[in-house]
Amino acid sequence: MVEPLSIAVLTGVALTDGIKFLYGQADAILKRRAENRQAATRGEETRAELVPVQTPNVIEGQLQPIRIDPNAAEELADVLKDLRRQLEDYAQGYETPPDGNLDVLRATQDLRDAIEDVIGQRITFRGENRDSTGTPVVTGQLTIQEIQGRAVAVHVEDVRSGIVHGELKADKVSDGGEANAVRITKLGH
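Residues numbered from 1 in each chain as written. Predicted model: local features only at pLDDT ≥ 70, side-chain atom pairs only at ≥ 80, totals over all residues. Heavy atoms only, no water.

## Observations concerning the packing of helix α2 (residues 70-91) against helix α3 (residues 102-119)
Here is step 1: Two elements in contact, α2 and α3, have axes whose closest approach is 9 Å; the angle formed by their N-to-C orientations is 150°. One way to sum up the angle between α2 and α3 is to call them roughly antiparallel. Note on packing geometry: the crossing formed by α2 with α3 is left-handed. Only V104, A107, T108, D110, L111, A114, I115, D117 and V118 of α3 make contact with α2, whose side of the interface consists of A72, A73, L76, V79, L80, L83, Q86, L87 and Y90.
Here is step 2: Residue composition of the contact of α2 with α3, grouped by class: 14 nonpolar, 2 polar and 2 charged. (Axes fitted to C-alpha atoms, helices over the stretch in contact; angles between N-to-C directions. Helix = DSSP H or I, 4+ residues; strand = E, 2+ residues; numbered from the N terminus. Parallel < 35°, antiparallel > 145°, perpendicular 65-115°, else oblique. Left-handed = near helix turned anticlockwise from the far one by under 90°. Contact = heavy atoms within 4.5 Å. Nonpolar A, V, L, I, M, F, W, Y, C, P; charged D, E, K, R; others polar.)

## A closer look at the packing of helix α1 (residues 12-41) against α2
Here is step 1: For the pair α1 and α2, the least separation of the axes is 8 Å and the interaxial angle reads 140°. One element, α1, and the other, α2, form an angle in the oblique class. Crossing hand, α1 versus α2: left-handed. The segment α1 lies against α2, with T16, I19, K20, Y23, A26, D27, I29, L30, R33, N36 and R37 engaging P70, A73, E74, A77, L80, K81, R84, L87, E88, Y90 and A91.
Here is step 2: Residue classes in the contact of α1 with α2 are distributed as 12 nonpolar, 2 polar and 8 charged.

## Let's talk about the pattern of salt bridges
Here is step 1: Within the structure shown, the criterion is met by 13 salt bridges.
Here is step 2: Note that E74 and R37 form a salt bridge whose closest N and O atoms lie 2.9 Å from each other. Of the two residues, E74 sits in helix α2 while R37 sits in helix α1, which places them 37 residues apart along the sequence.
Here is step 3: For R37, a relative accessible area of 44% corresponds to the partly exposed category.
Here is step 4: One network of salt bridges, with partners in common, ties together R112, D113, E116, R122, E128, R130 and D131. (Salt bridge = Lys/Arg side-chain N within 4 Å of Asp/Glu carboxyl O. Buried < 20%, exposed > 50% of the residue type's maximum accessible area, 1.4 Å probe, protein only.)

## Concerning the side chain of E128
Here is step 1: One can find E128 in the loop between α3 and β1 (137-147).
Here is step 2: Residue E128 is classed as buried on the basis of its relative accessible area of 10%.
Here is step 3: Within the structure, the side chain of E128 is placed 2.8 Å from the backbone nitrogen of F125, a separation counted as a polar contact.
Here is step 4: With near-sequence residues (within four places) excluded, E128 lies in contact with S6, I7, V9, R112 and I123. (Polar contact = N/O pair within 3.5 Å; in protein donor to acceptor, adjacent residues only side chain to side chain.)

Function cannot be inferred from these measures alone, as they are strictly geometric.
Here is the structure:
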């Protein structure tokens, strides 16, 4: 996880543009989620197509075409909605976000973190000290009462670049059970 409030480098127009960009991405994720839910009620299969994204100047680097993870979008929908509401006046241009306001910065960073979990890649603003935009991110979380066999939150083979976060919580691991938050066959070059 990124150090707290690394996004504090954003001020003035850059903060406004950053909020507008994230707001738009959250909106696109929530619309795709709604479309997928409607398709599922009609018995249709949902598609996970790549969506090109225009990377604004406030972003350092280039986003790769986005693929929305429907499970992550479903899991984080309420978080995305809440954070969008908190930032809506700034995203719509009704208000100017105050520089250094911790509530605005936290909401902006939390929105970015949730979007990264859904699209599977980093979004880094100019001036931030973190992995570059477009770096693949894999996040896996499991919460289980009892593990009798094997449970793995993230299993990746041959990771050549990117970031992997795994979290596994279990109340009990039975004899012969195995619990891995992250299981990687190869990492790096």
